Amino acid sequence: MDLIQLTEKEERPQAPKPGEVELRFSDRGVKELDYLLTHYPDRKSAMLPALWIAQREYGGNLPAEAVAEVAVRLGRSYAEVEGVATFYTMYHIRHAVGKHVIEVCTCIACALCGAYRIADYLKAKLGVDWGETTPDGTFTLEEVECLDACDRAPVLMVADEYIGPAAEKDVDTLIERLRNTEEPTTVRLADEVTQAQLHKTEQASAQD
Ligand code: FES
């Protein structure tokens, strides 16, 4: 019997063998994770912040090596960490992304207010389709579910910044600004989430 493929088949990256995992976190990343781990009785519970640290340390992406490093550092299996990371779309594990990820909401409010017109404009301007990255590695275009900013539809999002209601001229301004932004916004976001997590943890300690 033939199996029906409901979604596009994705190649799963080969998991490195535990003994062959190269630990590449910077000293800063190691210290941050060590600090977070002092607040989690079970290391597994630190998996989400550990993945954010890894995403920053690996330049805004989570290749198989990054997933394997988190697995080793938390003493879990590769499959378990991969299972968590693939559940959340903000972890870039399914495909490598460029320096800046432009997310376009196409849910109902945005769709009714012209999200597909803006998406077509972006696709033509960047020369990419959903999930693709420009050849120079600068931009990745992603179609996303409701960004919880329906009052500003149609909405785009880059890192933690909302752009909306977005018109063609806003797209032009955004692309120009990002072209002149040296630091990848994917890395900046991963760092900001990590710092927020550390801050939250420090506050919890102060209250104990
Ligand atoms: S429908 Fe686009 S932000 Fe809610």
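Residues numbered from 1 in each chain as written. Predicted model: local features only at pLDDT ≥ 70, side-chain atom pairs only at ≥ 80, totals over all residues.

(A) A look at the nonpolar core. Formed by 24 residues in total, the largest nonpolar core has its most connected members in Ala50, Leu51, Ala54, Leu62, Val67, Val70 and Ala85. If you list the elements that add at least two residues to this core, you get α1 (27-37), α2 (47-57), α3 (64-74), α4 (78-87) and α8 (185-207). Discounting chain neighbours no more than four positions away, the residues touching Leu51 are Leu62, Val70, Ala85 and Tyr91. Membership of the second largest hydrophobic core comes to 19 residues, among which are Cys110, Leu156, Ala166 and Val171. (Core = buried A, V, L, I, M, F, W, Y, C linked by C-beta atoms within 7 Å. Buried ≥ 20, exposed ≤ 12 C-beta atoms within 10 Å, placed from the backbone. Helix = DSSP H or I, 4+ residues; strand = E, 2+ residues; numbered from the N terminus. Contact = placed C-beta atoms within 7 Å.)

(B) Main features of the domain arrangement of the chain. Taken as a whole, the chain is organised into domain 1 (18-94 + 187-207) and domain 2 (100-183). Using C-alpha coordinates to define each centre, domain 1 is positioned 27 Å away from domain 2. Counting residues at the interface gives five residues for domain 1 and four residues for domain 2. A per-class count over the side of domain 1 that touches domain 2 returns two nonpolar, one polar and two charged. (Domains from an automatic or database assignment. Nonpolar A, V, L, I, M, F, W, Y, C, P; charged D, E, K, R; others polar.)

(C) Highlighting the sheet that holds strand β1 (residues 100-105). The mixed open sheet is built from four strands, whose spatial order is β2-β1-β3-β4. Two strands lie at the open edges of the sheet, namely β2 (139-144) and β4 (161-163), each paired on one side alone. The sheet shows a mean angle of 25° between the axes of neighbouring strands, taken without regard to direction. Where helix α6 (residues 115-126) meets the sheet, its contacts fall on β1 and β2, and the angle it forms with β1 comes to roughly 155°. (Pairing = 2+ DSSP bridges. Axes fitted to C-alpha atoms, helices over the stretch in contact; angles between N-to-C directions.)

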